[in-house]
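Topology and contacts: notes
So the chains spell out like this:
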Amino acid sequence: MGNKTLTIIRPKKTFSLRDFKELWDYKELLYFFVWRDFKVRYKQTIVGIGWAIFQPFMTMVVFSLFFGKLLKIPSDGIPYPIFVYTGLLFWQFFSSALSETSGTLIANQAIITKVYFPRLILPLSSVATKLVDFAIAAIILAGMMVYYGYTPHLTGFFLIPVLLVITFMASVGGGLFLAAINVKYRDVRFVLPYFIQILLFLTPVIYPASIAGKYSWLLAFNPMMGVIQTARAGLLGATPINWTLVSISFATTAVLLVIGVIYFKKVERYFADIV
Amino acid sequence: MKPIIEIKNVGKKYNITHQRVGYITLRDILANIIRSPLQFAKRKAKQITGFAAKEEFWALKDINFSVNEGTVVGIIGPNGAGKSTLLKILTGITPPTEGEIKMRGKVASLLEVGTGFHPELTGRENIFLNGAILGMTRKEIMRKFDEIVSFSGIEKFLDTPVKYYSSGMYVRLAFSVAAHMEPDILLVDEVLAVGDAEFQKKCLGKMEEVTKKSGRTILFVSHNMAAIQSLCKKCILLEKGKIKSMGNTEDVVNQYLSDNTKEGMEKVWSEKERPGNDIVTLISAHLVNREGKTLSYTYSNREVGVEIIYEVKKGGYSPVPNIHIFTNKGEYAFISHADFSPDLDRVGMHKTTAWIPANLLNNGTYAIGIAISTMVPLQIHLYEQEAILFQVIEDLEHTKKHDFNQRIPGVVRPRLEWSLE
């Protein structure tokens, strides 16, 4: 009983490195939240885990039919299905993580008002759950690459984790901000789906960035554009890898993450009073 | 040695605006800004400069106390006294507005049984989830898993989703997980209010075992005075967000219950106000035990005396004191009167005590009416309908309720002898 942890509770808590240590101490809870969300989601559906594959696959089929076959949207000389699927894979990870995260504090308010744990765990676990979905959906991409006969460059292959980190940071950063705002203003979640839909069209998911011509640099501020563009470059060799673009994406998401974390930490302690 | 919990000047303020019904929408706020930007700017400026009229409410104010290691402290008080707010601050769920708290050791809280239980998950899965939410590590849960399951007694339903559980099973499982936490400091809110009596006893037993064996420090909020008295050495009485008294459990509980029964356990009339006539007047009425100590409440398994002091001013009437017991709903429980004796007619002060036996009254609040009357010819000299109010508290330890969860109906609850043939 020698080294006892000392807990000090004061009205104002300053942001410190201890927060990260605390987060680390609670990593098992993070694991259990992801495990719970996953278990619960796939317990009720008949197709179970197949849903994680079915959903992006069907979207890809529909998009290929309408945008690829009928509208003949260019795809940098790559078969449209694999072109759009690469984009969709990252996009769905980002958008579903964003909308899931924004509602996570409300969804877990019964726990928030009864037990203490670093609140950051909740949004983090939502994004992590989506990461599992991503991994499952990625199996289809691998299958398609075999089918269409693409082998990724070595650089491209190793770029995937970097792109995942960027997407992760973008969804956590944006998600934290939205989650915190959603606690106070409950109508945010009604606006969010429209916002995400508009964002889909501002991101080169169904079309190549080159379509925007000389204004395509503007899209670079959308971190997901960099991610998707680079994924296509790295995995399919659509265009050469644009390192500036990767750096810009990384920088923008880093800023987004910092803003998200700071805002979240600022209001975090009062969640239990207002949810 | 330093106290394990130190609480200094802790206060918690709520702005009433935060607690209004429904929720604020961004749409309304934006609409307001667009409709009247000037007014919005003015209000915002007022808020920032602090001129805005705010409705404040201090849920807690000037809370100071410390707890030594291994002590079990009960926190009691009426609803809205700030008991739960205090626990929420201690757990870190909500921050205090002012003050400082220091806690030395691992803290765990139990504000509700089954926090985070998911109806779709099985009992087994929920043990792990709930354990993790309560701050246990996976290893810890695995080590104690069998113990948790056997304590709960739901082995057969371990792989059934908890949505199919009865509420009793649900509570058993949830409490079993909680009972196996091993913190240095445990904060417990009214969780024993649920569950059947037998299981409550089991939980109390487990808590007692835990406190005695490992010297755990527990802060325990409850309305169950029997549980408070059997578990806690010390007690804190909160009222309107402040500490009203603190100390020995018996004294504090006594104070709380006597505050609660307002008029309380004794009534002494001043000379001018004494009920009666020129034949007999009532001076005082007390609730007492055999040692002559004034009580404000009693346990269902203890006898209690109603002590009446009156003065007979004129002989020849043989006035007989009698008591009328009512439930708090106004039903008549019973009437009892003193045995007739020549002494009743003696002019002067009389002191008489009516003993209500143990195991007669059910738990609840009762009013005692006091009357003094002459039997032949019938003449009522005085009648005070609610002279004393008192509470009968259920004796949790010797209760024979088993799985019966609610208060047993009835005015009386005698323990009868049942012969078996």
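Residues numbered from 1 in each chain as written. Chains lettered and ligands numbered in written order. Predicted model: local features only at pLDDT ≥ 70, side-chain atom pairs only at ≥ 80, totals over all residues.

**A look at the pairing of strand 5 (residues 107-110) of chain B**
Residue and element names in this part refer to chain B. Here strand 5 shows two buried faces, one formed by Val107 and Ser109 and the other by Ala108 and Leu110. Taken together, the four bridges between strand 5 and strand 6 (residues 185-188) define a ladder with parallel strand orientation. Bridge assignment links serine 109 to a residue of strand 6, and that residue is leucine 187. (Buried ≥ 20, exposed ≤ 12 C-beta atoms within 10 Å, placed from the backbone. Helix = DSSP H or I, 4+ residues; strand = E, 2+ residues; numbered from the N terminus. Pairing = 2+ DSSP bridges.)

**Considerations on the nonpolar core**
Formed by 162 residues in total, the largest nonpolar core has its most connected members in Phe90(A) and Phe220(B). Shared between two domains, this core holds at least three residues of each, these being domain 2 (61-260) and domain 3 (266-393) of chain B. Ignoring sequence-local partners within four residues, the contact set of Phe90(A) consists of Leu163(A), Thr167(A), Met224(A), Val227(A), Ile228(A) and Ala231(A). (Core = buried A, V, L, I, M, F, W, Y, C linked by C-beta atoms within 7 Å. Domains from an automatic or database assignment. Contact = placed C-beta atoms within 7 Å.)

**Remarks on the domain arrangement of chain B**
Residues and elements named next belong to chain B. By the assigned domains, chain B splits into domain 1 (11-58), domain 2 (61-260) and domain 3 (266-393). Taken residue by residue, the interface counts four residues in domain 1 and nine residues in domain 2. Element by element, the count of residues in the side of domain 1 that touches domain 2 is highest for strand 1 (residues 5-15), at three residues. Of the residues in the side of domain 1 that touches domain 2, the class split is one nonpolar, one polar and two charged. (Nonpolar A, V, L, I, M, F, W, Y, C, P; charged D, E, K, R; others polar.)

**A short note on the sheet that holds strand 1 (residues 6-9) of chain A**
Pairing within the open sheet is antiparallel, and its four strands lie in the order 1(A)-4(B)-1(B)-2(B). For this open sheet the edge positions go to strand 1 of chain A together with strand 2 (56-67) of chain B, each flanked by a neighbour on one side alone. Across the sheet, the mean angle from the axis of one strand to that of its neighbour is 20°, orientation sign disregarded. Strand direction decides the pairing type here: strand 1 of chain B and strand 2 of chain B, joined by eight bridges, are antiparallel. (Axes fitted to C-alpha atoms, helices over the stretch in contact; angles between N-to-C directions.)

**Quick look at the interface of chain B and chain A**
At the interface, 41 residues of chain B touch 30 residues of chain A. If you list the elements that add at least two residues to the side of chain B that touches chain A, you get helix 1 (26-35), helix 3 (83-91), strand 4 (98-104), strand 5 and helix 4 (123-133) of chain B. Ranked by residues supplied to the side of chain B that touches chain A, first place goes to strand 4 of chain B with six residues. Looking at side-chain class alone, the side of chain B that touches chain A contains 17 nonpolar, twelve polar and twelve charged residues.

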